Amino acid sequence: MVAPHPETTAQLSESSRVPWEAWQKGRASFNHDWLKNHYLLALDTFINVLDDLVENDALLNEYVSSLLPEWEERRAEIVGLIDEFALCMSPRTLFLTRPLVNCPPMDREYLGALVDTLWRNRRPVERIADDVRSAIGVVDAAYRELRQRVSLSSDTRSLSALRESRSTFGTFRYACLRLAQAVEVLPGTLEIL
Amino acid sequence: MSALDNPITVAVIDRNKDRCTAIAGALAAGGNAKIFVWYIDPEPVWQPTVPDTGSLQMVICHYGVSERELLETIPNPSVVFFGGGGGAEISHEYVIRREITGTRNAISASEGQELLEFFRLDPEQRTPERVPGLLRPGFQFFLLSLAVVCQAFLTLDRRLNDRDETADRYIALLPDRGFCETQLERLKSPAWWHSVFGAPLPLDQIKEKEWNTSRGDFEKVVEFDQCLAQAEPLKRATVEALYGALTQQLRL
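I will try to describe carefully the structure that is included in this document. As the structure is a prediction and not an experimental result, all values here were calculated from the model. Each residue is numbered by its place in its chain's sequence as written, counting from 1. Starting at A for chains and at 1 for ligands, labels are handed out in the order in which the entities are written. For a predicted model such as this one, the threshold for reporting local features is a pLDDT of at least 70, and the threshold for listing and counting side-chain atom pairs is 80 or more; totals across whole chains, interfaces and linings nevertheless cover every residue. With hydrogens and water stripped out, all remaining heavy atoms of the structure feed into the side-chain values.

### As for the overall build of chain A
Heads up, the rule is: Counting from the N terminus, the helices are the DSSP runs of H or I reaching at least four residues and the strands are the DSSP runs of E reaching at least two. Relative accessible area decides the class of each residue, using a 1.4 Å probe on protein chains only: under 20% of the type maximum gives buried, over 50% gives exposed, and in between gives partly exposed. Working rule for contacts: check all heavy atoms of both residues, and any pair within 4.5 Å makes them a contact. Accessible areas in this description were obtained via Shrake-Rupley with a 1.4 Å probe; residue shielding takes into account the shown protein chains only.
Of the regular secondary structure elements, chain A holds 8 helices and 0 strands. Helices (α) and strands (β) of chain A occur, in sequence order from the N terminus, as α-α-α-α-α-α-α-α. Counting the 193 residues in chain A, one finds 50% classified as buried. Nonlocal contacts in chain A, meaning residues at least 24 apart in sequence, comprise 79% of its contacts between residues at least 6 apart. About 8,900 Å² of surface is accessible on chain A, with carbon and sulfur atoms providing 49% of the total.

Quick look at the structure:
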């Protein structure tokens, strides 16, 4: 049977005229602006500093204390986005705005449920979301290990002390990269399948 | 000599070399333009070298940190931004309103031509109705809505009339036959479509705001509107023809 209409859709229609646009903005803000073009770039540069490929004293001084902990501040965004993914990016959301909001209420209900059912069955919605959740878990684990190792360092601004954690930084970088790739798999536009 | 005879000087700024050159290629195929590209491979590089950044009239720029820093060094160009997420995150007058993640979905030659023609105009001539569809908010919005109802119509019709109901296992998820019959009858009514999408369909608006002339046959939308005007129950073939044009247009 077709999926029941979620109650939260009504709430969404009040808070945002087109929920998929707000969701896409959130996704772009997290993945494109922050993770890929800020956090990973800084991490790449920091690893290059550890590897003696570049010199950047300012980054060395602030990375562990200021930049690295940004993951803790931003992770809730991606967790929230994934929780709302199926709700916001289903083609059912088209029925919340013009012109399909002009449909009689009964038609909005069943047509929305129909296209949502097709979308959920033809696009592996839950699997894609679970892949991102799994990638978040890997980043969390790598982050915890990194923080633990760094906390054992005598000086979090000392190049030689931080170099002892070089491989852990590499593991964390790889986990972040995989998360960015997993988020990229999420559709960037509404899909009708 | 007309304005079209003068080459417009354009820069494409994008750290991703492949995407950058794909966009530049589309622009080069689209019209009379002198094109410079900037990318990182592995160091930042201009190709060819720009003799004077002040000569750049138009810049198509990826909305990344390094690209925007470079853009600040270029005096007074007309700027079009694009982003991986379809431009939703960008607040600017001219933004490409669809996702460009790489060469696969970079702009087409005809879209490049539209952009060049628009930015050849004097700024005061760049009126809202002349803005290329690629840069318009709400791009593919009305069309998506039409497509979603076509999809529902065709799915219900298949559920009821196709001999092999297991051909698409998802059809089995639909409600019982009686319910489908009732709903399909409603969707066959031109009055239903008119009440939702307008009577007649706002063809000029759709064509102006959402239709990309390089993809799909707009005549199919016109023909569909004519069928609605006949006030007779819609046939599956009529809806299939419209849906076919829409899937091509929207790359569904």
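### Here we look at the nonpolar core
Operational definition: Here, the term nonpolar core denotes a set of buried Ala, Val, Leu, Ile, Met, Phe, Trp, Tyr and Cys residues that are joined through side-chain atoms within 4.5 Å.
In this structure, Tyr63, Trp71, Phe169, Phe172 and Leu179 of chain A together with Trp193 and Phe197 of chain B are the most contacted members of the largest nonpolar core, which totals 98 residues. Here this core gets 14 residues from one element, more than from any other, and that element is helix 4 (residues 141-161) of chain B. Once you skip the residues sitting within four places of it in the chain, Trp193 of chain B turns out to touch Leu146, Val149, Cys150, Leu187, Gly198, Phe224, Leu228 and Leu234 of chain B. Residues Ala24, Ala26, Val80 and Leu134 of chain B belong to the second largest nonpolar core, which totals 27 residues.

### Notes on unusual backbone geometry
All names here are of chain B. Looking along the chain, the bond that leaves Gln47 and enters Pro48 is cis, with omega of -20°. Residue placement: Pro48 occurs in the loop between strand 3 (44-47) and strand 4 (58-62). Here the residue pair Ala199 and Pro200 is connected by a cis peptide bond, since its omega of -10° sits within 30 degrees of zero. Position of Pro200 relative to the elements: it lies in the loop between helix 6 (190-197) and helix 7 (203-209). One non-glycine residue, Asn76, adopts positive backbone phi at about 55°. With respect to the helices and strands, the residue Asn76 is situated in the loop between helix 2 (65-71) and strand 5 (78-82). Overall, the relative accessible area of 77% leaves Asn76 in the exposed class. Not every positive phi belongs to a glycine, and Ala231 is a case in point at roughly 60°.

### Points about the pattern of salt bridges
Residue and element names in this part refer to chain B. Heads up, the condition is: The term salt bridge refers to a side-chain nitrogen of Lys or Arg lying within 4 Å of a carboxyl oxygen of Asp or Glu.
For the structure on display, the rule yields 19 salt bridges over all chains. Among the salt bridges present, the one from Asp41 reaches Lys17, with a minimum N-O distance of 3.2 Å. Taken as a pair, Asp41 in the loop between strand 2 (33-40) and strand 3 and Lys17 in helix 1 (residues 17-30) lie far apart in primary sequence, 24 residues in all. Given the relative accessible area of 43%, Asp41 is considered partly exposed.

### Concerning the side chain of Glu70 of chain A
Residues and elements named next belong to chain A. Selection rule: Here Asp and Glu are counted as negative and Lys and Arg as positive; His is not counted, and neither are the chain ends. Polar contacts here mean pairs of N or O atoms no more than 3.5 Å apart (in protein, one a potential hydrogen donor and the other a potential acceptor; neighbouring residues in sequence count only if both atoms are side-chain atoms).
Structurally, Glu70 is set in helix 4 (residues 70-89). It turns out Glu70 is buried and unbridged, and the closest side chain with the opposite charge, Arg74, is 5.7 Å from it. Of the polar contacts made by the side chain of Glu70, one reaches the side chain of Trp34; its length is 2.8 Å. Ignoring anything within four residues of it in the chain, the contact list for Glu70 reads Trp34, His38 and Tyr39.

### Considering the sheet that holds strand 4 of chain B
Pairing between the strands of a sheet is mediated by backbone hydrogen bonds and can be parallel or antiparallel. Residues and elements named next belong to chain B. What counts, and what does not: Paired strands are those between which DSSP finds at least two bridges. Axes here mean lines fitted to C-alpha atoms, for a helix over just the part in contact, with angles spanning 0 to 180 degrees between N-to-C directions.
Reading across from one edge, 3-2-1-4-5 is the order of the 5 strands in this open sheet, with mixed pairing throughout. A strand with exactly one partner marks an edge of an open sheet, and here the two such strands are strand 3 and strand 5. For this sheet, the mean inter-axis angle between neighbouring strands, taken without regard to orientation, is 15°. With 5 bridges connecting them, strand 4 and strand 5 associate as parallel partners. Bridging across to strand 5, Val59 finds its partner in Val79. Docked against the sheet, helix 1 engages strand 1 (8-13), strand 2, strand 4 and strand 5, running at close to 175° with respect to strand 2.

### As for the environment of Thr117 of chain A
Residue and element names in this part refer to chain A. Mapping Thr117 onto the fold places it in helix 5 (residues 105-122). With a relative accessible area of 6%, Thr117 lands in the buried category. For the pair Thr117 and Ser90, spaced 27 residues apart in sequence, the C-alpha separation works out to 9.2 Å. Side-chain polar atoms of Thr117 contact the backbone oxygen of Ala113, separated by 2.8 Å.

### Examining the pairing of strand 3 of chain B
All names here are of chain B. Where strand 2 and strand 3 come together, 4 bridges link them in antiparallel fashion. Counterpart to Trp38 in the pairing with strand 3 is Trp46. In this antiparallel pair of consecutive strands, strand 2 and strand 3, the connection spans 3 residues.

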